[in-house]
Amino acid sequence: MAVDVLYFAWLRERIGQPRERIETQAATVRELVAQLAAMDEWHALALSDLSAVRVAIDQELSDLDAPLAGAREVAFFPPMTGG
Amino acid sequence: MSARVQRAPFDIGAELAGFGAGAGAVVTFSGLVRDEDGRLVALEIEHYPGMTERALTAYGEAAAARFGLSDWRIIHRYGRLEVGEQIMMVATAARHRVAAFQAAEYLMDWLKSRAPFWKREIGPDGPGNWVEARSGDEDALTRW
């Protein structure tokens, strides 16, 4: 399946683009992260410390072990600092 | 009962005209860009279009149900905001002040840690660090 992967804040800067379309067989977010990190050094660096990464699936906060089945959009970003 | 995400400034006075009519208590909070002892000239605020509006609306609706609000409003800005500018506001209206105060605090705690905004510091020499989340902000959620 194909998913739109979005990046925000310093993840976006380290990866060098705000979004990309990824063909994947990953069953979970964690498997998708492994696939992305294997693409090049920029992805690997951005996704090296997962304790500093939050994830949303189809615009709802989720976690690394969530299943990806049916997901259209997966976003990765640092802990939020609104307000 | 509305949540808005916008680049433009807002006028709190205009926002509150007619807000909470019939309620006994209205509480408002607004957050401004700090200068951090002269270290900053501005903040650049990034957000996740689509998810932001959904999250703010969900938190507003949750606060309304939990605290019995008759009205609520959340406005959060993005883009470059100079020191002293308003970043965001929440307003809550309830029958009595305790519910209005608590709902405003509840909304702020959720907004700070769960709404998809990210702040970057801009100093006299240009863009600097991304603001890191504080553990205290995350801890604040446990009281709800």
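Residues numbered from 1 in each chain as written. Chains lettered and ligands numbered in written order. Predicted model: local features only at pLDDT ≥ 70, side-chain atom pairs only at ≥ 80, totals over all residues. Heavy atoms only, no water.

If you look chain B up in an unreviewed UniProt entry, it shows as Molybdopterin synthase catalytic subunit from Paracoccus lutimaris. In the Catalytic activity (unreviewed entry) part of its UniProt record, chain B is described as follows: "2 [molybdopterin-synthase sulfur-carrier protein]-C-terminal-Gly-aminoethanethioate + cyclic pyranopterin phosphate + H2O = molybdopterin + 2 [molybdopterin-synthase sulfur-carrier protein]-C-terminal Gly-Gly + 2 H(+)". Database annotation for chain B, UniProt heading Function (unreviewed entry): "Converts molybdopterin precursor Z into molybdopterin. This requires the incorporation of two sulfur atoms into precursor Z to generate a dithiolene group. The sulfur is provided by MoaD." (UniProt positions renumbered as here; feature names shortened; annotations may be inferred.)

If you look chain A up in an unreviewed UniProt entry, it shows as Molybdopterin synthase subunit MoaD from Paracoccus lutimaris.

## Thoughts on the overall build of chain B
When its secondary structure is counted, chain B shows four helices and eight strands. What you see in chain B, going N to C, is helices and strands ordered as β-α-β-β-α-β-β-β-α-β-β-α. Each principal axis of the C-alpha distribution contributes one length, and for chain B these read about 50 × 35 × 30 Å. Within chain B, the proportion of its 144 residues that are buried is 47%. Within chain B, contacts between residues separated by at least 24 positions form 76% of all contacts whose residues are at least 6 apart in sequence. Put simply, chain B shows about 7,100 Å² of open surface, and 49% of that area lies on carbon and sulfur atoms. In chain B, the 17 positive side-chain charges and the 20 negative ones have mean positions that sit 5 Å from each other. (Helix = DSSP H or I, 4+ residues; strand = E, 2+ residues; numbered from the N terminus. Buried < 20%, exposed > 50% of the residue type's maximum accessible area, 1.4 Å probe, protein only. Contact = heavy atoms within 4.5 Å. Areas by Shrake-Rupley, 256 points an atom, 1.4 Å probe, with all protein chains shown as cover. Lys, Arg positive; Asp, Glu negative; His and termini not counted. Charge placed at Lys NZ, Arg CZ, Asp CG, Glu CD.)

## Focus on the layout of surface pockets
Reported here for the largest pocket is a volume of approximately 450 Å³. Elements that contribute at least two residues to the lining of the largest pocket include exactly β2 (25-32), α3 (97-114) and β7 (117-123) of chain B. For the lining of the largest pocket, the element with the highest residue contribution is β2 of chain B, accounting for three residues. Looking at the lining of the largest pocket residue by residue, the classes come out as nine nonpolar, four polar and nine charged. Considering the residues around the second largest pocket, the lining is formed by 17 residues, among which Arg54, Pro79 and Met80 of chain A together with Arg114 and Glu138 of chain B are closest to the centre. Residue contributions to the lining of the second largest pocket peak at three residues, all from α3 of chain B. Partitioned by chemical class, the residues of the lining of the second largest pocket number eight nonpolar, two polar and seven charged. (1 Å grid on protein atoms, 1.4 Å probe; cavity = no way out; pocket = protein on both sides within 12 Å on 5 of 7 lines; lining within 4 Å. Points joined across faces, edges and corners; volume = space filled by probe spheres on them. Nonpolar A, V, L, I, M, F, W, Y, C, P; charged D, E, K, R; others polar.)

## A closer look at the interface of chain B and chain A
Frequently, the measure chosen for interface size is the accessible area that the parts lose on association. Listed as interface residues are 25 residues of chain B and, on the opposing side, 20 residues of chain A. Counting the contacts that link chain B with chain A gives three salt bridges. Close ionic contact of Glu60 of chain A with Arg54 of chain B constitutes a salt bridge, the shortest N to O distance being 2.8 Å. Counting across the interface, chain B meets chain A through 13 residue pairs in polar contact (both at pLDDT 80 or more). Elements that contribute at least two residues to the side of chain B that touches chain A include exactly β3 (42-47), α2 (51-67), β6 (86-94), α3 and β7 of chain B. Tallying contributions element by element places α3 of chain B first for the side of chain B that touches chain A, with five residues. (Salt bridge = Lys/Arg side-chain N within 4 Å of Asp/Glu carboxyl O. Polar contact = N/O pair within 3.5 Å; in protein donor to acceptor, adjacent residues only side chain to side chain.)

## Side note on the sheet that holds strand β5 (residues 73-77) of chain A
Residue and element names in this part refer to chain A. With mixed pairing, five strands are arranged side by side in an open sheet as β2-β1-β5-β3-β4. Looking at the sheet topology across the chains shown, the edges are occupied by β2 (19-23) and β4 (60-62). Each neighbouring strand pair of the sheet contributes to a mean axis angle of 30°, computed without reference to strand direction. For strand β3 (residues 54-57) and β5, the ladder comprises four bridges, and the chain directions are antiparallel. Bridging across to β5, Arg54 finds its partner in Phe77. (Pairing = 2+ DSSP bridges. Axes fitted to C-alpha atoms, helices over the stretch in contact; angles between N-to-C directions.)

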